[in-house]
Number of protein chains: 2
Amino acid sequence: MNRLKQLPLKNVIIDDVFWGRYISMVREKVIPYQWEVLNDRVPDAARSHCIKNFEIAAGKRKGQFYGMVFQDSDLYKWLESVAYSLETMSNPALEKLADSAIELIGAAQQPDGYINTYYTVSEPGGRWSNLQHGHELYCAGHMIEAAVAYFEATGKRRFLDISVCFADCIDNTFGPEDDKLKGYPGHQEIELALFKLYEATGEKRYLNLAEYFIRERGTSPNYLDLEREKPGYHDIFPELATFDRKYSQSHIPSLEQKHAVGHAVRAVYMYSAMADLASELGDAELQNACDVLYDDIVQKKMYITGAIGSCSVGERFTAAYDLPNDLIYGETCASIGLMMFCRRMNASNRDARFADTMERALYNTVIAGISLSGTEFFYVNPLEAEPSKISANPNYKHVKPARQKWFDCSCCPTNIARTVMGLGGYIYASSPDGLYVNLYCSGSARDGERSITVKTRYPYGGEAAITASGGRYKLFLRNPECAPVKSVEINGQKQSYNIENGYIVLDRDWRSDEIRMLFDMSPRLVYCAPESGNNIGKTAVMRGPLVYCIEQADNGERLGSFLLPGGAVFAESPPPAGLPAEAIALKSSAYKYPSGRTKLYSFSPPELESAAIEMIPYFLWANRGENEMRVYIPAVPILPESSG
Amino acid sequence: MNRLKQLPLKNVIIDDVFWGRYISMVREKVIPYQWEVLNDRVPDAARSHCIKNFEIAAGKRKGQFYGMVFQDSDLYKWLESVAYSLETMSNPALEKLADSAIELIGAAQQPDGYINTYYTVSEPGGRWSNLQHGHELYCAGHMIEAAVAYFEATGKRRFLDISVCFADCIDNTFGPEDDKLKGYPGHQEIELALFKLYEATGEKRYLNLAEYFIRERGTSPNYLDLEREKPGYHDIFPELATFDRKYSQSHIPSLEQKHAVGHAVRAVYMYSAMADLASELGDAELQNACDVLYDDIVQKKMYITGAIGSCSVGERFTAAYDLPNDLIYGETCASIGLMMFCRRMNASNRDARFADTMERALYNTVIAGISLSGTEFFYVNPLEAEPSKISANPNYKHVKPARQKWFDCSCCPTNIARTVMGLGGYIYASSPDGLYVNLYCSGSARDGERSITVKTRYPYGGEAAITASGGRYKLFLRNPECAPVKSVEINGQKQSYNIENGYIVLDRDWRSDEIRMLFDMSPRLVYCAPESGNNIGKTAVMRGPLVYCIEQADNGERLGSFLLPGGAVFAESPPPAGLPAEAIALKSSAYKYPSGRTKLYSFSPPELESAAIEMIPYFLWANRGENEMRVYIPAVPILPESSG
C-alpha cells in the first residue's frame, strides 16, 4: 500500500482568514439552517420532508413519502458535516441532536438491515427493483460515509452498527454468487463508501463488494437494461427513461472506459472508488483506467473553474472541448466529486497536479455554490449569466442567476457543508517518508511525531510561513501551477530545492525550523485551447488559484461587449463594497462596444470606446443581487509577426 | 384600399438560371416525391400516413389515424404547390391526380362541412374541444389556401366549394353571437386563409370571421385556458401543457402586442393576417401594431439569414438580441411566414425595406431548407453546426447537420414547395399608378396593359436589363439594401432618378424602353449590433442578398478557430466542386489558431497562423456530406484611434 494517507480531522487545525469564514459559517449557520430545512421549518424554501419521511418509515408518524427517491441522502450528508464539525470542535447540544437523528434512522431500519424511506413507505415490495433510478445504493453509500465519519469523530458505534447491518444486507443481496443479484447502482456512491467502511472496520467483504460493483458495471448483458424487462418494473423518472447507457457509465465495463461520459456526479464518484481500489489492490490496469479518465476530464472536459458537465439534459459530459459558458451544467456536487477523485489520485500517484485540480475546483466552483450569508446555494455554476436571456430562453431554465434557499433536488447544499467541514482532510497527506502540503491554509497539523504550523494569507497573499518539527522526514510542499513558488527560505537562509512531481521537496531533521515561501500571485491571463471553439479569442483572468469574473454591479450591463487589450495588465485593488475585506479585485483598461445602433445588421464595424474593467473572484459572484456575470472576456488577438 | 396587389401567377413567367433550378426541381421532382411520401412509398423516410388518414376518414379504408394531429395540412400544402405549378404550366396527369386527391378530401368531409381526419377517425366527439393544440382551424386554413389557389389555377370550383362549406361550418361555430364558441385557433393560419377566401369569393363573412379571430385572441378570460377546465379535456401534447400564453400569442389582445413572442410560425402567420386586415379595413391601430411587431422582429430578433425563433423549446422567440448561432431553432416555415408577413407589409406600406427582409429570408433560410437534389429538407437552420458537438450534446438534438428525407412533424417540406412554386407572387406588385419590382429574377410579367421583361443573373450577377411597355406608369424598382443600385440607364442614356421608400422611381410613357441597372455586388462584411453578445467581435459576409458561410469541406475542421483580418477583402472565385456552376465563392486570407496544445488551459496566448478561407453561399451548405459550418467568423477588432 503505497498511497498517501489523510490526516484525521482532529489532527488538523484550521485557523485561517479565508477558510475560517467558511468553516465558522457552516458550523454556526449552515448546519443549523439545514436542520431547519430538513424539518420544513424554513419559509419559502423548497419543501424537504426529509425528517418526516424517516418518521413515517419508522412508524412514528402517519403520512406519505414526499420528495426525490434519494431524499434520505440529505440527512446523511448533514450528519457527515455534523461529524466533521464535532471532530474538530465539541458541541454537546449538536451531538445530542445528531444522536437523536441517528436513532431515527435506526428506527427506520428494517429487520434485515435495509433502510430507505422511499421504498419502505411507498413501495415496500419494490426493493432493488429499479437500480437504475431507485437510488437505494446511493443513499446507502451516503449513510455509510456519514456513519464512518461519526464513528471517527465521536467514537460512538451506534451509527456505524446501523450501517454495517445495512452493508451486510447489501452484501447478502448483490454479488457473483448464484443466489444474488448481479446488479450495481444506477448512481455510483456505495463503492467509495464501502471502501471507507472497509478501512474503518477492516472487514474485507466490503472491499470485495465495492470491487464487485465496479467490475460488474457495464458488463454484457446490461443489468440496468434487463431490470426494465422484469414484471412490475416502472419508471421513477419517465423523462430519463430514454437516456442511454453512457448516462450511468454502464455502456462498457468500467475498466475499458477511456472517456468521461454521462452524468458527471455519477462519473466522478465512480472514478473515486476506482482510484481507491486501484491503489488498495495494486491493480495497474485499474490505475491506468483512472489516469486515462482523469486526463480526459482535465484536458478536454473541465471548465477553468473546475466545473464539469456541459449539458443540463442528463447533467452530463458531452464532447471533448464542448464547454459552453452559459448553457453549462457545472453542478456543485460534480466539482466536489472531482475534488474527491483528485484527492485519491494524488494519494496514489503522489503528484501535485491532482492537488492543483482539486484546488481549482474547491476555490472556484465548490465555494461559489454557497452565498456569503450561508443560506443560499447554487446547483448550476455558469461562467456566463445574463438574467434577461435566462428568463426568456427556456434552454437556460436550469441556470439560476441568484442562489436559491433550497432545491426540489437538493443534493448540493449538504454536499458543500460536508466538504467545507471536511476540508482538513484535503490540506495534508502523509506517507512513511514524509508529509505533504497540498493546500495552503493557516493552521497546524500533527502526523505522529511530525508537526507543522502554517501562516499564510493564501489565496490572496503570496507568502507562507511554515514551521516544521518532529525529526527527520521529507516535507513535500506543492508548487501551485497557478501560483508558482518564487523562493524558499529556511530559518532566514535562501534554500535551493528539487521539485518532484510538482512538490518542492525539503528533506531535513526538522526542529522548529521556519520555512518562508513566496508565491507568484501576479494576475495571469489564461487561454483555453483553441479546440474549444466558443472560448477562442477570449481570455480568462486568474490570480493564484482564483478565477476572476466581471459582474454587472461593477461594470454596468452588457458584459459581453467588453474587449481586453492584448496582454492586458491588471492592477490589484480593494474589493467593491459588499464583498469580504480580504478579497482582492483586479482592474484593467479595456474597450467596450457601445450600444444604441439603430440597425441590427450593419455594414460598418461597431466602434470601440475606451473603458475600464473591474474583476472580482468568481466564487464571490451573485452576492450583490441578481446581475450579469462573465468569466471569459474577448481580447485583442496577437497577430503573427509577418502580418505586422 | 391602397395596398399593392399581387400579380396572378399566370401573368408571371420565370425564366431564370437561379430560380429555374428550383422551380424545375420542385415541379419535376419535389411534387412527385412528396406525393410518394404522403402515400408512404419512400423507403427510409419518416412515415406520413397522410393519404391513408383521409381514406380512413372517408370510409374507404379501415385503420387508425397516424401522425401529428395536423397531418392533413401536408396534403393541403402539397395541393397548393400543385395549383401554382398548374397555373404556370399545364400538366393533365398531375391535375387528374390532384382532382382525385380533392375528391378524397371531399369524401372525408362530414355532412356539416367539417373536415379533419384526426378528429373524425380518433375523436369524433372531440371536435373543437382543444383549440390550443387540436389544429383543426390550422388545417382548415391550409385547406382554404390550397382551394383558393386551385380555383385560380384551374377555374374548377370543386375544392373551393368544399372549403366554402367548411368555412361556413367554422363561421357557424365561432363568433360573437351567444350560441357560438368565443374561441380562436391555438395555431394561427385560418385568419389569413379566410382573408384569401374573402378575396376569392367576395363574401364578407369570411373577412369578419378573420377579424373576429384576431380581435378575440388574448382577451380576458383566456379561452385557451378556459377550455382546459371543460369536462373531457385532455392534452394532445402533454409536453407542451405547461407552455405559457405567450407561446400562442394569446397573453394579451393582438392589438396590444408590442413584442414578437412565442412560437415563431404562429406569430408571423398571425401578423400576416393582421397586416391583411389592417389595410383592408383601413385600421390604423392594427397597422401600427403590425409596424411595431415587424420592427421588433427585424431589429431585435431576426438572424442575418432571415431565420427567426432562437429556441427549440416552444420553437419560439426569446429575448431581444438573443441570437445563438448553434442553439437556434430558425424553422424553415417561420422564415416562409416572415416572407408572407413582409409581402403584406410591403403591399400596405409600399416600402422596399419589407421586400429587403423578404429577400433575406428567401435567399438564405427558405431555400437552405431544401437540398440541391430536392428530396432532403432542413426544419432547423443553424448558423453554426458542428456534427460532433451536435451528436454528443442533447441541447442540440433539434439541429440536424444533414437534411432529412422527411420528418415526423413535416410542415416544412411542403411549405418550401408551395413557396417556390408560388414565387411569382413575390416578384412584382401592382398599383393603379405603377408596377413594383421587388425581386430581381429573369422573366416577364403582364399587369393589364403593362408588360415588363427582366434579364439578370442576380443574385450572382450585378446587372439587370429591364424592358418595359404599356404606356404611362411609374416603375418602382427596389434599390436592394444589400446590393445598392450604382447606376440606371434608359435606352443607353444614364438616367437620374428619385428614390422613394427604397424604390427607384421611373415615371415614363413606356414603349419597349430598355433599362439597364447596375448593382453593387461587392462582398460586404456585416456586423451584428453589439447588444447581441455572442456575435460581438465577429463578422458575417454577404454578397448581394446572399449570406455566406464557411464549410469544413473547403476549410478543414475546427471552423471556430479562424480569424479574419480587420476589413478583410474577399475575391470572387468559381464554386467548389459539387455546387451549381453559377454560384460564386469568396476567398480571403485569414488566420487560424492551430490545434494540438497539450494543455486545456495555458498562460501563453495561442499563436495564430496565416491561413486562407473560402466561403460559399449559406443556402448551399450541407450539400456535400455532413460537416462543420459557420456563418459568423471572429475578426481582428478595429481599435479606437487614440490607442494607436
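Conventions and cut-offs
- Residues numbered from 1 in each chain as written.
- Chains lettered and ligands numbered in written order.
- Predicted model: local features only at pLDDT ≥ 70, side-chain atom pairs only at ≥ 80, totals over all residues.
- Heavy atoms only, no water.
- Contact = heavy atoms within 4.5 Å.
- Buried area = accessible area lost by both parts, 1.4 Å probe.
- Salt bridge = Lys/Arg side-chain N within 4 Å of Asp/Glu carboxyl O.
- Helix = DSSP H or I, 4+ residues; strand = E, 2+ residues; numbered from the N terminus.
- Nonpolar A, V, L, I, M, F, W, Y, C, P; charged D, E, K, R; others polar.
- Pairing = 2+ DSSP bridges.
- pLDDT = per-residue confidence, 0-100.
- Axes fitted to C-alpha atoms, helices over the stretch in contact; angles between N-to-C directions.
- Parallel < 35°, antiparallel > 145°, perpendicular 65-115°, else oblique.
- Left-handed = near helix turned anticlockwise from the far one by under 90°.
- Least-squares fit on C-alpha atoms with pLDDT ≥ 70 in both.

## Observations concerning the interface of chain A and chain B
Link 1 in the chain: On the chain B side, the residues contacting the 71 residues of chain A number 70 residues.
Link 2 in the chain: Between chain A and chain B lies a buried interface of about 5600 Å² when both sides are counted; carbon and sulfur atoms form 64% of it.
Link 3 in the chain: When the shortest N-O distance is used, the salt bridge between Lys599 of chain B and Glu481 of chain A registers 2.3 Å.
Link 4 in the chain: Here the side of chain A that touches chain B takes 5 residues from strand E14 (residues 524–528) of chain A, the largest share from any one element.
Link 5 in the chain: Considered class by class, the residues forming the side of chain A that touches chain B number 38 nonpolar, 19 polar and 14 charged.
Link 6 in the chain: With 2 bridges connecting them, strand E20 (residues 601–602) of chain A and strand E12 (residues 524–528) of chain B associate as antiparallel partners. In the sheet register, Tyr601 of chain A faces E12 of chain B, and the bridge partner there is Cys528 of chain B.

## Description of the confidence of the model for chain A
Link 1 in the chain: On average, chain A scores 96 in pLDDT, and the residues at 70 or more come to 99%.
Link 2 in the chain: The ipTM assigned to the predicted complex is 0.94, against a pTM of 0.94.

## Considerations on the sheet that holds strand E1 (residues 12–14) of chain A
Residues and elements named next belong to chain A.
Link 1 in the chain: Taken in spatial order, the 7 strands of this open sheet run E1-E5-E6-E7-E13-E9-E10, and their pairing is antiparallel. Among the strands making up the open sheet, the edge pair consists of E1 and strand E10 (493–494).
Link 2 in the chain: In terms of strand pairing, strand E6 (residues 450–456) meets strand E7 (residues 463–469) through 6 bridges, oriented antiparallel. Bridged to Thr456 within E7 is Ala464.

## What to know about the packing of helix H3 (residues 72–88) of chain A against helix H7 (residues 136–154) of chain A
All names here are of chain A.
Link 1 in the chain: Taken N-terminus to C-terminus, the directions of H3 and H7 make an angle of 15 degrees; their axes are 8 Å apart at the nearest point. Relative to H7, the element H3 is oriented roughly parallel. In this structure, the crossing between H3 and H7 has a hand that is left-handed. Between H3, through Asp72, Ser73, Tyr76, Lys77, Leu79, Glu80, Ala83, Tyr84, Leu86 and Glu87, and H7, the contact on the second element is made entirely by Tyr138, Cys139, His142, Met143, Glu145, Ala146, Ala149, Tyr150, Glu152, Ala153 and Thr154.
Link 2 in the chain: Residues that form the contact of H3 with H7 fall into these classes: 12 nonpolar, 3 polar and 6 charged.

## Side note on the relation of the copies chain A and chain B
Link 1 in the chain: Of the transformation superimposing chain A on chain B, the axial component is 0.0 Å and the angular component is 180 degrees, with the fit at an RMSD of 0.0 Å. Put plainly, the chains are arranged around a two-fold axis. For chain A, the smallest separation between a C-alpha atom and the rotation axis is recorded for Val636 of chain A, amounting to 3.5 Å.
Link 2 in the chain: When the interface residues of chain A are mapped onto chain B, 99% of them are again interface residues, pointing to one common binding face.

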